[in-house]
Every structure is written in structure tokens, then in C-alpha cells.
Amino acid sequence: MRYLLATIISLSALVLSGCFGSDNDRPRQQAPVAINYTAFVKAQLATSGDTRDPVPINDTRFIFRDLNNPNAYDDVLAAEK
Amino acid sequence: MLSRLTLLPAACAAATLLASAGTMASSHREAPFITGMPKVDGTDFYMFNSYESGREGYVTLIANYLPLQDAYGGPNYFSLDDDAIYEIHIDNDGNAEENITFRFQFNTERRDLAVDVGGTSVPVPLINIGAVTGQNNDAQNVLESFTVEMVTGDRRTGNVQNLTKAGSGDSSFAKPLDNIGTKSIDDYEAYADNFIYDVTIPDCPMPGRVFAGQRQEGFVVNLGEVFDLVALNPLGARDSRRNIIADKNITSLALEVPADCLTGENTVIGGWTTASVRQATVINPAPQGSETTGSSNAKGPAVKGGAFTQVSRLGSPLVNEVVIGLPDKDRFNSSEPKDDGQFATYVTNPSLPALVEILFGVPAPETPRNDLVTVFLTGVPGVTQLPTVTASEMLRLNTGIPATAAGGQNDLGVAGGDFAGFPNGRRPIDDVVDIALTAAEGFLCGADVNGEAAGGEIGSCGTQEMQVNGGAIVNDGALPNAADYLTRFPYLNTPLPGADNVAAAE
């Protein structure tokens, strides 16, 4: 489930950034990618392989939808069963 | 390989100071972001040919972390970060990328020792509840251990193999308890010796040694006055002031490796240390506790995940401290040597001499500072420069230059005619503050170390092709004392005790 979530978020980010187009076909998209910060964090928590590089964030515009939601991370903080 | 005979005349002629371009507090709390993460704040990096008797042919690497420890800092003292990786990188072909990485990872075990209170077992608040020795740690409530992996190739995607205890194959090493005080650990030096391990290093025919634990701070600096607008007499006696951090401890990751297992086709290697943490963190509002609070199954105080992301970097001393400008310090800590071209302006046009000119009226050497580019980014031809080199900041060591015995070392390193010292690597005794201050003020301009290049291989300062400012030894007034260091691995001194109860009782 965690990896599915990560994959969905990663794919969403790619779609938003227009990365499936050819760089040779059109000018590079300048608008920053908009990503839900909570989803981004959960995606990182789900993919902690030691061989990965960090995710660049300078071209990412984070949307903070959970600033007033104390339960936003309940699923990742749930007690071990 | 250069012989000592080749080098010594140059030392007498030029007394060349081959230094990084800055000064002051090596790398303690040097960048805004890292001040909030002391457990992964690299403070000093040492790399030298081992000078312990009988250890010829070995190189010692020491990466220090967790700055300015007051020995009495209980009850938790100074554990390292289990969720971080601490790395020492070696470039042995001059391309500014690591060929070998030694990766330290720590693990903290909590025993949850409890005492009976009125028939109820209650967890104690301390990390030890009795005396601890190297042979008996039953009273120790918190234990740290670590592994060391050797990565060949890229630090993230290269081939990973474990260092193991020689003869046993065990890859887990224990870290000693910090020096809480003499009642907890009555002979800390003897206690800590139990945690020096002979190790089998992958692809290396000879064993090495490893130690990770608390040491007395080995860096020497007149820290407070230096940062108070250089409120000292920089041309006064080298011992006119005091080493203000002499009462601090530090945590050292020390590794001794046969030189032949580090070098490539040349005897020169470059080294630097980094620390990395997971990219994402979620703070847990209800962290794990004990059965007492019914929370033993909860997660820890923070849940971390994502790729390891570098937050600290240190090669030559003092670079990020006073060479890199404030807006770029965090960026430097996250950078890799292969990308150092972005920081070149800080070397060619250093701000420190300009500040000294403002404060003291001492004319800054002309720019561009080609002298500092040589010693800072490429190494000195014939000494610490590989045949092909990508300009990059790291500590460079010629393993072919024999170590100087402990009793004969000169704390000005190459500047004092001791070619086994900084900036040919760096030893604990090397007074890098004085060396760097002197270099920044133009001691090196146009210097000729060994005739490797016409007109001097160090390089000019703008149009100035000779030493400027009279070749004065500029200093901070704090002088290293050889008695404050060990003459054997791990070389940095036994840490100061948090309490000296035995002495107090006498």
C-alpha cells in the first residue's frame, strides 16, 4: 500500500511537471510543480532506500492543506501492531 | 613520489603555508541550518600518515561530530543520530568524486532499567545506575553500537561491504559511554581502550583499526575573541591568549587504514567527511514510552524517511566557517566536491583579508588569489596534487611522505618545515588557525615550493608574485600543546570527565 501511494504521488508529480513531453518539442515548462506537502512527505517515508538520491524541491510549489489538521499524519504515526 | 630531500630546501626557502583560505573555528556550528542539528554537525576532519610507533604505512582518518560538548552534559550526554549516516570519502584519482567511502551508522539500545519502588518496578531516568567497566556494563541503561560499511564507487550506488572485527566476522562495534565522571567510570582511558577494534577491511590484505566515541576537543582556537571582530593582536606572540574550547569534548569517528588500500595509481589521496539524514521527518505528538504509560508500542518521537540527504560537509578546516559567504553556507554543506566550481569566487576573491584591512588597516593581497586556488582547490604540484585533478575542496594527503614522530612535529606543518603536517593532510597538533590566517594575508603569493612550475607553482595574488605583508605569522594567540594529545590511535585525548569525584574526595 505504501509503495502504491508513493508511486501514485510520484506519477502525479511527473504529470503536473509535464515530464512526459519531449524537451525538444516545446519550451521547458517554467511554472513550479504544485504538490500536496503531506502527500510528498508520506511518499518519502514510504521509499527510504539507501541507494536513492534526494528529491529536488527547488522547482516544487508545496501546497499546505493540512496546517490545521492534527490527524494528517495519523497513518504514518500509528502504533506498531 | 617526492622524497623529503626534494621538499626540505623548499621549506627553508619559502616556508610555504599551504592552507585553506579561511580561519577560526574549523567547522563548529558554522552554517545556519546545521546549528539546529548538532548530532550531525561535522566539526573537524583529520587525515595523516599514522605516527604511532610501529604503524608506518597506515593512514589515520578522524571525523569529529557534535561540537562544544560540556563534559557535565547529563543526563543524556552526547549520543549520535541513529537515523543518520556519517561518512568519510576518499578520492584517489583526482576527479573530485569518491572512490571509497566508509559509512558509519549508529544504533542505540535502551535497556529500560528499573528499580523497585514500593513493590512497583519503575524505570529510572538515568543512562547508568552504577559503575561501568569495559568488562561489565550491567548498570548501563543506554548502549550505542555502530557498523562501518565500505562503499566502493558512488557513495549511494557503489558496492557495499562490511568492516568486521578481525578474526570474528562480527560487523557490530560497541561505542563507549561518554565520560560521565570518575564515579561512573574510574579509569576512562583504560575503559575506552576496550573499544578500539582491529578490523578486517574488504579488499585489503592488512587489518585496520576503528574507534568511535567521545574525546577531548583537539581543535585549538581563541574562539570568542576571533568572532568579536578579531579582538586580538594578530601579530603578537602565538601563545598570548588562551584556547577557549580546551574544556570541551567532541565525538570522534576514527579509522586507521593501510595506505595501500586507500591510494590509486598515485600516493596522493583527497578526503572529506559528510553526514546525511533522511529527507522527510514527521514529529510524533504521542511518542513511544514504557509500559508504565501504556505506550510501549507507539512509534518514536519522530518518523523519518526518504533518501539520505547531506547536511554537513567538511574537508579542509575552516572553509565553510569563514571562506564561504553566509548565504551559501547551507548550500556548501549539501554540496559535493565535484560541483565546487560554484564556490570559486569565495576563493579567488576572499572576503576575510578585506575584513582584516577594514579592521586593522593591513592591505589585502590583490586578487584573483591564484595562490589560494592552488592550495585550496587543486593541491600543490609535486606535493598534494594528483597528475590530473578537478578543482575541488578537500583535504589532500601525500601518503608517500613519511610521518614525523610525535615528539618532533611542528605545529605550523609545512610552514614550519614539517612536510608531514597541514596542508599535507592534517594532524591534531597542526595549528590550522595560525597557518590559515597567515596564508589569507598573502604569505603564499608567488611561492615556489619545489620548482615544479616556472615562477612558482603556488600562483600569484593578482599582479603580486611575491609574498606580501612581510611574511608575518598571523595568529590568534592560542597555541596547541603536544601534551594534550595521545601519541597513539585514536590520537585525540581522553575526554574530560563530567565530574571528578575521585579527585574531589581526596
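Residues numbered from 1 in each chain as written. Chains lettered and ligands numbered in written order. Predicted model: local features only at pLDDT ≥ 70, side-chain atom pairs only at ≥ 80, totals over all residues.

Colleague: Where do I start with the sheet that holds strand β12 (residues 208-216) of chain B in this structure?
Modeller: All names here are of chain B. Taken in spatial order, the six strands make up an open sheet running β1-β2-β13-β12-β11-β9, and their pairing is antiparallel. Two strands in the sheet have a free side with no partner beyond their single neighbour: β1 (42-49) and β9 (164-165). Where strand β2 (residues 58-70) and strand β13 (residues 248-258) come together, ten bridges link them in antiparallel fashion. Bridge pairing links T60 to E256 in β13. (Pairing = 2+ DSSP bridges. Helix = DSSP H or I, 4+ residues; strand = E, 2+ residues; numbered from the N terminus.)

Colleague: What should I look at first to understand the interface of chain B and chain A in this one?
Modeller: By convention, interface size is frequently given as the accessible area that disappears when the constituent parts associate. Counting from both sides, the interface comprises 16 residues of chain B and, opposite them, 17 residues of chain A. Elements supplying a minimum of two residues to the side of chain B that touches chain A: β14 (268-283) and β15 (302-314) of chain B. Ranked by residue count, the leading element in the side of chain B that touches chain A is β15(B), at six residues. Of the residues belonging to the side of chain B that touches chain A, the class tally is six nonpolar, seven polar and three charged. (Contact = placed C-beta atoms within 7 Å. Nonpolar A, V, L, I, M, F, W, Y, C, P; charged D, E, K, R; others polar.)

Colleague: Help me understand the environment of B:I250, please; the structure alone is not making it clear to me.
Modeller: Residues and elements named next belong to chain B. Here I250 is to be found in strand β13. The class for I250 is buried, based on 24 C-beta atoms found within 10 Å. Remark: the alpha-carbon pair of I250 and A114, spanning 136 residues in sequence, is separated by 30 Å. What I250 contacts, discounting residues up to four positions off in sequence, is T43, N64, L66, P67, Q69, R215 and E217. (Buried ≥ 20, exposed ≤ 12 C-beta atoms within 10 Å, placed from the backbone.)

Colleague: Help me out: how do you make sense of the pairing of β14(B) in this one?
Modeller: Each regular strand displays side chains that alternate between the two surfaces of the sheet. Residues and elements named next belong to chain B. Buried residues dominate β14, accounting for 13 of its 16 residues. Two strands pair when backbone bridges link them, and strand β3 (residues 84-91) and β14 are joined in this way by eight bridges, in the antiparallel orientation. By the bridge assignment for β14, I88 is matched with T273. Of the strand pairs in this sheet, β14 and strand β16 (residues 395-398) are connected by four bridges, and their pairing is antiparallel. Within β16, the position partnered with G271 by the bridge is L395. Note that β14 and β15 share ten bridges and pair antiparallel. Each residue of the ladder has a partner; that of R278, found in β15, is F308.

Colleague: Teacher, can you tell me more about the confidence of the model for chain A here?
Modeller: A low pLDDT means the predicted coordinates there should not be read in detail. Across chain A, pLDDT averages 73, with 60% of residues at or above 70. Element-level mean pLDDT values for chain A span from 42 in helix α1 (residues 2-17) of chain A up to 95 in helix α2 (residues 37-46) of chain A. (pLDDT = per-residue confidence, 0-100.)

Colleague: So what exactly am I meant to see when it comes to α2(A) here?
Modeller: Along an α-helix, residues three or four positions apart point the same way, because every turn accommodates 3.6 residues. A large share of α2(A) lies buried, amounting to seven of its ten residues. Those residues of α2(A) that fall on the buried side of the exposure criterion are A:A39, A:F40, A:V41, A:K42, A:A43, A:Q44 and A:L45.

Colleague: So what exactly am I meant to see when it comes to unusual backbone geometry here?
Modeller: Leaving glycine aside, a negative phi is the common case for residues, and trans is the common case for peptide bonds. Residues and elements named next belong to chain B. Along the chain, G74 connects to P75 via a cis peptide bond; the corresponding omega equals 5 degrees. Along the chain, P75 falls in the loop between β2 and β3. F422 connects to P423 through a cis peptide bond whose omega is 5 degrees. Residue placement: P423 occurs in the loop between β16 and α9 (432-440). For L68, which is not glycine, the phi dihedral falls at a positive 55 degrees.

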